[in-house]
Amino acid sequence: MTLDLLTENEDVTLSRLKKLLSSKEISSVELTKYFLERAKSKDDLGCFLSLTEEEALKQANKADEKIAKGEDAPLLGVPLAIKDVLTTDFGTTTCASKILENYHSPFNATVINKMLDAGAVLYGKTNLDEFAMGSSNENSSFKPVKNPWDTERVPGGSSGGSAAAVAARIAPASLGTDTGGSIRQPAAFCGITGIKPTYGRVSRYGLVAYASSLDQIGPLGLSAEDCALITRVISGKDPLDSTSMEMEVPAFDTEISKDIKGMKVGVPKEYFIDGMQSEVSEALAEAKKVLSDLGAEIVEISLPHTDAAVAAYYIIAPAECSSNLARFDGIKYGYRAEETHDLFDLYAETRSEGFGEEVKRRILIGTYVLSSGYYDAYYLKAQKVRRLIQNDFLQAFEDKCDVILAPTAPTTPFKIGENINDPLAMYLNDIFTIPLNLAGMPGMSLPCGFDGKNLPIGMQLIAGPWQEQRIFNVAHAYQDATDWHTRKPEGV
Ligand code: GLN
């Protein structure tokens, strides 16, 4: 490969790529080939489930024609990667599940159409935990993803492929989804930036549903600025998703450089728990100093129902999953068991063979908590807890602070295999990310340091509903003052 876009001082940020494209120093076709080549040469990381080379080169050619005519669009000619839980009418949409192994969607997700309308080139579908259920990417039916910072470790999940691809500069940015932390936790584990927007900000049409009241789509990238641009592109009311909201979409990216002097940053005491890796709390303490040097005021806050969040989530999410995944029955989509003797047997065999262990565990839990006699005791109670958690956040934003600063995960990335036989240990990974999904709040993870093993540490910035701009502004000011987000894994 002759083209080399990565030197010690240069990175593949969206703003740089856009400059190279608009000044015609590089064409979109060249750029697309560059990332396709990188993806192939780093195939051992397991980031992609499929590359959509032919379609991508067509899109890139179209972008080059537009650039030649002097046209512009927010992502014109920029190659991006997409989590394989978003439907595309080209290539396959597998959700990393055997049950959808050869599934071709007849339509594009709304976010895919929005990205294409903005000129993006979509060249591959990234690996994930099956149906986005997991925190390590080990639940992919096809292959695990390795963390580019240490290939014996997990990249986080469920958007592990999307995060590792950006960390390894196989993709300049990507789309992920976040139901309980699946954008933020892998962003933290891979040393990159990722945001889950407010519930309702981005259309979920064409996102294969896991837990519909929690799922949101968002970007993963090298900086808050890059994420801001993509968030602007994908946001907005969509008549095809009744839960998307009619709210003004701010110019997140162009408004990003606002001063954060006087901004109140709340630090919840419940987010610093026993058993947390000490280097994570140390990095957070440093981040507090940086923000206060930038003029922000740090205030202690309390989110008293935090400790009930994981339990409530693991009732609500499986309940919704058991209902959403009922559609995969061997009739309408994908995999069908062979030699079955009646309809019931066909359903049962197809689902037993097609779904992986974790997905089946969740369907069983979900069916149980929704069954008569248990509904009130579990599901209804969890919904009440959910409201209390939401009230905690609303109260804090009303009385005390503009944004909240918290760790993203209690530890840095663990080893592949370390937690896979202990679902509870795995579930506890999301202890700091899950509350936001339950409350519908937006949250970003961004790099804020490294541990003694040179593994990235992430911090979370949280805002009230529709207040993503505050997150972008604080994150951008922080990234202007620090260089954690510019570090690359060795060999990249
Ligand atoms: N790890 C959490 C789960 O397994 C969150 C996943 C997600 O956000 N998609 O459900």
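Described in the following lines is the structure provided in the data block. For clarity, every value in this text was computed on a predicted model and none was experimentally measured. (Residues numbered from 1 in each chain as written. Predicted model: local features only at pLDDT ≥ 70, side-chain atom pairs only at ≥ 80, totals over all residues. Heavy atoms only, no water.)

Overview of the packing of helix H7 (residues 224-234) against helix H15 (residues 468-481)
- Following both chains from N to C, one finds H7 and H15 inclined at 150°, their axes separated by 9 Å at the closest point. Considering the angle they form, H7 stands roughly antiparallel to H15. On the side of H7, the interface is formed by Ala224, Glu225, Cys227, Ala228 and Thr231, while H15 contributes Phe472, Ala475, His476 and Gln479.
- The class makeup of the residues in the contact of H7 with H15 is five nonpolar, three polar and one charged. (Axes fitted to C-alpha atoms, helices over the stretch in contact; angles between N-to-C directions. Helix = DSSP H or I, 4+ residues; strand = E, 2+ residues; numbered from the N terminus. Parallel < 35°, antiparallel > 145°, perpendicular 65-115°, else oblique. Contact = heavy atoms within 4.5 Å. Nonpolar A, V, L, I, M, F, W, Y, C, P; charged D, E, K, R; others polar.)

Looking at the pattern of salt bridges
- Under the counting rule described, the total for this entry stands at 19 salt bridges.
- Note that Asp11 and Arg169 form a salt bridge whose closest N and O atoms lie 2.6 Å from each other. Taken together, the residues span a long stretch of sequence, with Asp11 in the segment before helix H1 (14-22) and Arg169 in the loop between helix H5 (160-167) and strand S4 (173-178) at a distance of 158 residues.
- In this structure Asp11 comes out as buried when scored by relative accessible area, which is 13%.
- Here Asp483 ties to Arg487 by a salt bridge, and the two come within 3.3 Å at their closest N and O atoms.
- Exposure remark for Asp483: the relative accessible area of 40% places this residue in the partly exposed category.
- A relative accessible area of 34% means that Arg487 is categorised as partly exposed. (Salt bridge = Lys/Arg side-chain N within 4 Å of Asp/Glu carboxyl O. Buried < 20%, exposed > 50% of the residue type's maximum accessible area, 1.4 Å probe, protein only.)

Digging into the site of the ligand
- Every one of the 15 residues lining the ligand counts as a neighbour, but Gly180, Ser182, Tyr210, Tyr313 and Asp430 are closest to it.
- One of the side-chain nitrogen or oxygen atoms of Arg362 is found 2.7 Å away from an oxygen atom of the ligand.
- With the chains in place, 100% of the 290 Å² that the ligand exposes on its own is no longer accessible.
- A breakdown of the residues in the shell around the ligand according to their chemical character gives five nonpolar, seven polar and three charged. (Near = heavy atom within 4 Å. Polar contact = N/O pair within 3.5 Å; in protein donor to acceptor, adjacent residues only side chain to side chain. Areas by Shrake-Rupley, 256 points an atom, 1.4 Å probe, with all protein chains shown as cover.)

Overview of the pairing of strand S6 (residues 216-221)
- Summarising burial for S6: six of the six residues are buried, a large majority.
- Two strands pair when backbone bridges link them, and S4 and S6 are joined in this way by six bridges, in the antiparallel orientation. Within the sheet, the bridge partner assigned to Thr177 lies in S6 and is Ile217.
- Pairing between strand S5 (residues 193-196) and S6: two bridges, direction antiparallel. Of the residues in S6, the one forming a bridge with Gly194 is Leu220. (Pairing = 2+ DSSP bridges.)

Things to note about the packing of aromatic side chains
- Overall, the coordinates contain 19 aromatic pairs when judged by the stated rule.
- Here the aromatic residues Tyr103, Phe131, Phe328, Tyr333 and Phe355 are joined through ring pairs into a cluster of three or more.
- Just above the ring of Tyr335 sits the side chain of Lys98; from NZ or CZ to the centre is 5.0 Å. (Phe/Tyr/Trp six-rings, centres within 6.5 Å; stacked < 30°, edge-to-face > 60°. Lys NZ or Arg CZ within 6 Å of the ring centre and 35° of its normal.)

Structural notes on the side chain of Ser158
- Looking at the element boundaries, Ser158 is found in the loop between strand S3 (121-126) and H5.
- The buried category is assigned to Ser158, whose relative accessible area is 0%.
- Residues contacting Ser158, with those up to four places away along its chain left out, are Lys83, Asn127, Leu128, Asp129, Ala132, Met133, Gly134, Asn137 and Ser182.

Quick word on the side chain of Glu320
- By the element assignment, Glu320 lies in helix H9 (residues 309-324).
- Of note is the side chain of Glu320, whose polar atom sits 2.8 Å from the backbone nitrogen of Ser212.
- Setting aside anything within four residues of it in sequence, one finds Glu320 in contact with Tyr210, Ala211, Ser212, Ser213, Leu214 and Arg386.

Here we look at a negative patch on the surface
- A cluster of acidic side chains, namely Glu338, Glu339, Glu349 and Glu353, defines a negative patch on the protein surface.
- Take Glu339: it is sitting in the loop between H9 and helix H10 (343-354). (Patch = residues over 30% accessible without salt bridge, like charges linked within 9 Å, V, L, I, M, F, W, Y side chains within 5 Å. Lys, Arg positive; Asp, Glu negative; His and termini not counted. Charge placed at Lys NZ, Arg CZ, Asp CG, Glu CD.)

Let's talk about unusual backbone geometry
- Cis geometry is found at the peptide bond from Gly157 to Ser158, where omega equals 10°.
- Phi at Lys24 takes a positive value of approximately 65°, unusual for a residue other than glycine.
- Structurally, the position occupied by Lys24 is in the loop between H1 and helix H2 (28-41).
- Residue Cys95 is not a glycine yet carries a positive backbone phi of 55°.

A word on a nonpolar patch on the surface
- Taken together, the side chains of Tyr368, Tyr374 and Tyr378 define a hydrophobic patch exposed on the protein surface, amounting to about 280 Å² of accessible area.
- Looking at where Tyr378 falls in the secondary structure, it is placed in helix H12 (residues 375-399).
- Overall, Tyr378 belongs to the partly exposed group, its relative accessible area being 32%.

Observations concerning the sheet that holds strand S8 (residues 297-301)
- Read across the open sheet, the 11 strands follow the order S1-S3-S2-S4-S6-S5-S10-S11-S9-S7-S8; overall the sheet is mixed. At either end of the open sheet lies a strand with only one pairing partner, and these are strand S1 (48-51) and S8. Across this sheet, the average inter-strand angle for adjacent strands is 30°, counted without regard to direction.
- The strands touched by H5 within the sheet are S1, strand S2 (79-83), S3, S4 and S6, with S4 carrying the most contacts at an inclination of about 155°.
- Against the sheet, H15 contacts S5, strand S9 (403-407), strand S10 (443-450) and strand S11 (456-463), and its axis sits at roughly 15° relative to S10.

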